[in-house]
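Structure at a glance
Chain by chain, the residues run as shown.
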Amino acid sequence: GNSVTQMEGPVTLSEEAFLTINCTYTATGYPSLFWYVQYPGEGLQLLLKATKADDKGSNKGFEATYRKETTSFHLEKGSVQVSDSAVYFCALSSASKIIFGSGTRLSIRP
Amino acid sequence: DTEVTQTPKHLVMGMTNKKSLKCEQHMGHRAMYWYKQKAKKPPELMFVYSYEKLSINESVPSRFSPECPNSSLLNLHLHALQPEDSALYLCASSQDHRDNQPQHFGDGTRLSIL
């Protein structure tokens, strides 16, 4: 079946550090891939998406590239801010369902 | 501010109570979803409505009863819940049920069962 695996957290970084959160997936066919972010006390917000191989999604300085050959969709940001502290979910969409990874909690120190 | 509005934000109820969660969107979306999220876990899909018809029920116990009165509203009726049903209940919507459409989430209803 379809599944998403993302790196275990928590991840703690200093402000302005480089961020990578790894995400790999298993899926039949050609799913769409997403990164969602959840700030404390809130619902999930779409951060970025990619719908086909080699697509790069980007938003608010975050980027992720849909790599079919490595079945990966790693999230990167060149310089994190304290306000980026949140839980990040990698997800794929298939057959009208979204399948989420387990989530990675990110904490940024000032 | 989210474009999907959920009420109430918090709900405490006893195991014999009947209550309803409400969700509203005015983006013209034709697919709507209910999710359950436990602490430090990802959301788990419960129900999917497509064009106001129930299209997916993820084997949810009958004490949860969804309803879609029109294309903008989605309700979740609760009756005889158990303590393990305490969780954050999230509503989401998308333009339609196609896989490349992202889902837009509300901020959820935090439900506590006494």
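Some thoughts on the state of the cysteines
Per the stated rule, a full pass over the model turns up two disulfides over all chains. One disulfide in the model links cysteine 23 of chain A with cysteine 90 of chain A; its S-S distance is 1.9 Å. Residues cysteine 23 of chain A and cysteine 90 of chain A are joined by a disulfide whose S-S torsion is about -70°; by sign, that bridge is left-handed. Note that cysteine 23 of chain A is positioned in strand S4 (residues 23-26) and cysteine 90 of chain A in strand S10 (residues 86-94), a separation of 67 residues in sequence. No difference in accessibility class separates cysteine 23 of chain A from cysteine 90 of chain A, as the two residues are buried. One disulfide in the model links cysteine 23 of chain B with cysteine 91 of chain B; its S-S distance is 1.9 Å. Handedness of the cysteine 23 of chain B-cysteine 91 of chain B disulfide follows from its S-S torsion of about -70°: it is left-handed. With cysteine 23 of chain B in strand S3 (residues 18-25) and cysteine 91 of chain B in strand S9 (residues 87-94), this residue pair connects regions lying 68 residues apart in the sequence.

Describing the sheet that holds strand S7 (residues 56-59) of chain A
All names here are of chain A. Reading across from one edge, S3-S9-S8-S7 is the order of the four strands in this open sheet, with antiparallel pairing throughout. In this open sheet, the two strands that pair with only one neighbour each are strand S3 (19-21) and S7. Along the sheet, successive strands turn relative to each other by an average axial angle of 15°, direction set aside. Inspection of the sheet shows strand S8 (residues 62-65) paired to strand S9 (residues 75-77) by two bridges, in the antiparallel sense. Bridging across to S9, phenylalanine 62 finds its partner in lysine 77.

Thresholds, definitions, all that
Residues numbered from 1 in each chain as written. Chains lettered and ligands numbered in written order. Predicted model: local features only at pLDDT ≥ 70, side-chain atom pairs only at ≥ 80, totals over all residues. Heavy atoms only, no water. Disulfide = S-S within 2.5 Å. Helix = DSSP H or I, 4+ residues; strand = E, 2+ residues; numbered from the N terminus. Buried < 20%, exposed > 50% of the residue type's maximum accessible area, 1.4 Å probe, protein only. Pairing = 2+ DSSP bridges. Axes fitted to C-alpha atoms, helices over the stretch in contact; angles between N-to-C directions.

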